[in-house]
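# Notes for the structure review
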Amino acid sequence: MTQRQKLMRDVQMYDFTLLEATEYLDGHPNDPNALAYFKTQQQRYQQAVDAYTARFGPLQSKAGDYDNTWTWVSDPWPWEGVDQ
């Protein structure tokens, strides 16, 4: 597994845990343990996104930094299986 694939897997894993925690909290909004879990996973997700972005660029076009050129289409798409 390449570093790019590992970082993408981490982003996807924490995104999934946030989705699951959200669904649980929708039915149990007053569960302090679930809310604490959600907050922890939220931090881990952001760390994973930051790690991916620092090495391979933004995961979404709206998160890019475009000075004079639209570079979103220049790099491989985040979901492409590029070995890097």
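Values in this document were obtained by computation on a predicted structure and should not be read as measured data.

## Some points on helix 1 (residues 3-27)
With 25 residues, helix 1 should cover 36 Å at 1.5 Å per step; its first-to-last C-alpha distance of 37 Å lies within 8% of that length. The set of residues buried in helix 1 consists of Arg4, Leu7, Met8, Asp10, Val11, Tyr14, Thr17, Leu18, Ala21 and Leu25. Each element contacted by the buried residues of helix 1 is listed here: helix 2 (32-56).

## Regarding the nonpolar core
One finds Leu7, Met8, Val11, Tyr14, Ala48, Val49, Tyr52, Phe56 and Leu59 forming the largest nonpolar core, which totals nine residues. Listed by contribution, the elements that provide at least two residues to this core are helix 1 and helix 2. Every residue in contact with Val11, bar those within four places of it in the chain, is listed here: Tyr45, Ala48, Val49, Tyr52 and Leu59. If you look at the next biggest cluster of nonpolar residues, it comprises five residues, including Leu18, Ala21, Leu25 and Phe38.

## Section: helix 2
Between its first and last C-alpha, helix 2 extends 36 Å over 25 residues, near the 36 Å set by a 1.5 Å rise per residue. Packed against the buried residues of helix 2 are helix 1. Its side-chain oxygen at 3.0 Å from the backbone nitrogen of Asn33, Asp31 defines the N-terminal cap of helix 2. Among the residues trailing helix 2, Gly57 stands out with phi positive, at a value near 100 degrees.

So, how was this worked out
- Residues numbered from 1 in each chain as written.
- Predicted model: local features only at pLDDT ≥ 70, side-chain atom pairs only at ≥ 80, totals over all residues.
- Heavy atoms only, no water.
- Helix = DSSP H or I, 4+ residues; strand = E, 2+ residues; numbered from the N terminus.
- Expected span 1.5 Å × (residues − 1).
- Buried < 20%, exposed > 50% of the residue type's maximum accessible area, 1.4 Å probe, protein only.
- Contact = heavy atoms within 4.5 Å.
- Core = buried A, V, L, I, M, F, W, Y, C linked by side-chain atoms within 4.5 Å.
- Polar contact = N/O pair within 3.5 Å; in protein donor to acceptor, adjacent residues only side chain to side chain.

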